[in-house]
Amino acid sequence: SLKGKAAVVTGSTSGIGLAIARGFAKEGANVVLNGFGKPEEIERTRSAIESEFGVKAAYSPADLTKSDAIGGLIALSVETFGSVDILVNNAGVQYVAPIEEFPVEKWDQIIALNLSSAFHTLRAAVPHMKAKGWGRVINTASAHSMVASPYKSAYVAAKHGIVGLTKTAALELATHGITVNCISPGYVWTPLVENQIPDTMKARGMTKEQVIEDVLLKAQPTKEFVTVDQVAALAVFLSSDSASQITGANIAMDGGWTAQ
Ligand code: NAD
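Residues numbered from 1 in each chain as written. Predicted model: local features only at pLDDT ≥ 70, side-chain atom pairs only at ≥ 80, totals over all residues.

For the chain, an unreviewed UniProt entry supplies the name 3-hydroxybutyrate dehydrogenase and the organism Methylorubrum thiocyanatum. Per UniProt, the chain carries the Sequence similarities (unreviewed entry) text "Belongs to the short-chain dehydrogenases/reductases (SDR) family." (UniProt positions renumbered as here; feature names shortened; annotations may be inferred.)

Our focus in this paragraph is the sheet that holds strand S4 (residues 86-89). Strand order in the open sheet formed by 7 strands is S3-S2-S1-S4-S5-S6-S7, with parallel pairing between adjacent strands. Of all the strands in the sheet, the pair left with one neighbour each is strand S3 (57-60) and strand S7 (250-253). For this sheet, the mean angle separating the axes of adjacent strands, direction not counted, is 20 degrees. As defined by bridge partners, strand S2 (residues 30-34) adjoins S3 across 4 bridges and the pair is classed as parallel. Across the sheet, residue Asn 34 finds its bridge partner in S3, namely Ser 60. Together, S4, strand S5 (135-140) and strand S6 (178-185) form the strand contacts of helix H4 (residues 104-132), whose direction differs from that of S4 by roughly 175 degrees. (Pairing = 2+ DSSP bridges. Helix = DSSP H or I, 4+ residues; strand = E, 2+ residues; numbered from the N terminus. Axes fitted to C-alpha atoms, helices over the stretch in contact; angles between N-to-C directions. Contact = placed C-beta atoms within 7 Å.)

Near the ligand you find 29 residues, and of these Gly 11, Gly 15, Gly 35, Gly 92 and Leu 192 are the closest. If you list the elements that add at least two residues to the shell around the ligand, you get helix H1 (15-26), H4 and helix H6 (191-204). Considered class by class, the residues forming the shell around the ligand number 12 nonpolar, 16 polar and 1 charged. (Near = placed C-beta within 6 Å. Nonpolar A, V, L, I, M, F, W, Y, C, P; charged D, E, K, R; others polar.)

Position of Glu 194 relative to the elements: it lies in helix H6. On the basis of neighbour counts, which here come to 12 C-beta atoms within 10 Å, the residue Glu 194 falls in the exposed class. (Buried ≥ 20, exposed ≤ 12 C-beta atoms within 10 Å, placed from the backbone.)

This part is about the pairing of strand S1 (residues 6-9). Burial of S1 is two-sided: the residues Ala 6 and Val 8 facing one way and the residues Ala 7 and Val 9 facing the other way are all buried. In this sheet, S2 lies alongside S1 in parallel orientation, the contact comprising 3 bridges. Across the sheet, residue Val 8 finds its bridge partner in S2, namely Val 32. Crossover connection from S1 via H1 to parallel S2: handedness right-handed. In the sheet, S1 pairs with S4 via 3 bridges, with the strands oriented parallel. Paired with Val 8 across the two strands is Leu 87, which belongs to S4. (Right-handed = clockwise from strand over helix to strand, strands pointing away.)

This next bit is on helix H3 (residues 67-81). With 15 residues, H3 should cover 21 Å at 1.5 Å per step; its first-to-last C-alpha distance of 22 Å lies within 8% of that length. For H3, the set of buried residues is Ile 70, Leu 73, Ile 74, Ser 77 and Phe 81. Buried residues of H3 fall within an arc of 85 degrees about the axis and therefore sit on the same side. Residues Asp 68 and Glu 79 are exposed on H3 and point more than 90 degrees away from its buried face. Looking at the packing, one finds that the buried side of H3 touches S1, S2, S3 and H4. (Expected span 1.5 Å × (residues − 1). Arc of directions from axis to C-beta.)

In this section: the packing of H3 against H4. In helix packing, the relevant descriptors are the interaxial angle and the interaxial distance, both defined with respect to the helix axes. Contact geometry of H3 with H4 gives a least axis separation of 9 Å together with a crossing angle of 35 degrees. Seen from above, H3 lies across H4 with right-handed handedness. Of H4, the residues touching H3 (which contributes Ser 67, Ile 70, Gly 71, Leu 73, Ile 74 and Val 78) are Ser 117, His 120, Thr 121, Ala 124, Ala 125 and His 128. (Left-handed = near helix turned anticlockwise from the far one by under 90°.)

Our next topic: the packing of H6 against helix H7 (residues 208-216). Where H6 contacts H7, the axes come no closer than 9 Å and their chain directions differ by 95 degrees. Considering their axes alone, H6 and H7 lie roughly perpendicular with respect to each other. In this structure, H6 uses Val 193, Ile 197, Thr 200, Met 201 and Arg 204 to contact H7, whose residues at the interface are Lys 208, Val 211, Val 215 and Leu 216. (Parallel < 35°, antiparallel > 145°, perpendicular 65-115°, else oblique.)

This brings us to the nonpolar core. Core analysis: the biggest nonpolar cluster contains 63 residues, and Ile 20, Val 31 and Val 231 have the highest contact counts within it. Among the elements that make up this core, the one with the highest residue count is H4 (9 residues). (Core = buried A, V, L, I, M, F, W, Y, C linked by C-beta atoms within 7 Å.)

Let's shift gears to H4. The terminal C-alpha atoms of H4, which comprises 29 residues, lie 41 Å apart, in line with the 42 Å expected from a rise of 1.5 Å per residue. In the structure, H4 departs most strongly from a straight axis at Ser 116, where the bend amounts to approximately 45 degrees. One or two positions beyond H4, positive phi appears at Gly 133, with a value near 65 degrees. (Bend = angle between axes of the 7 residues up to and from the residue.)

What follows is about unusual backbone geometry. Even without being glycine, Tyr 151 reaches a positive phi, approximately 75 degrees. By the C-beta count within 10 Å, which is 19 here, Tyr 151 ends up partly exposed. Phi angles above zero are rare outside glycine, and Lys 223 is one such case at about 60 degrees. Within the secondary structure layout, Lys 223 lies in the loop between H7 and helix H8 (228-238).

Written as structure tokens, this is what we have:
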């Protein structure tokens, strides 16, 4: 049980992050939600977590591409719940274009969000974890942290980068009761995947069905999408005491994609 723990999950108004936040809440943790969306929908999501699981849920609108907003996200957890015990760096965006047409501002945004934000949250959260002699950091990487696909230069670079950050932090924190790991899903059916289909159709001249069958699930030997609840279950396990010797790892959950 994670009763009494405080978990900050970035990018948790949708998709994988929301499932992870709900997974922690189900185990009794208080959670800090973060991400964008319609205020009334976010409030509904937040209050549903409180009423379904009997925990407290706070929300931070911090834009994680802005390094100075990130301190406020961690501070909200410390002020509201007295600590940050579990940190999940999950917020991420995708952009699909050939390198020579890749907008520079998209490159900068993806590196800032998918990679640098995890450095800034770690920097702010680690002192609180060290003080308690316990902590769990989980970074949502991707199969694209292990292998590449064309037209995803910024995303693949950021996801490979976060594995390096994960290993470094794991070594620095190894004697402090703090583990740092990556979860690397293959294709999970979320808005992030759904929204990249039109650009992939354009970049490759394909129909929607061809993109799903010949691009997305082509790489995934099981021919099935990963579910957000499966990713959440792994995050809950990595936060348990049974996982205390798993650190610096990059765990694939990709239907066999990176076995090829
Ligand atoms: P999603 O689009 O459903 O959710 C992304 C979340 O990030 C949302 O809550 C969004 O509001 C938030 N966000 C976006 N920009 C932000 C910003 N500047 N500041 C703060 N929050 C911001 O996507 P998802 O599929 O759930 O992806 C979550 C993570 O999982 C990402 O890091 C993604 O790269 C990774 N991932 C996804 C898949 C997949 O197939 N869906 C596969 C592997 C890895």
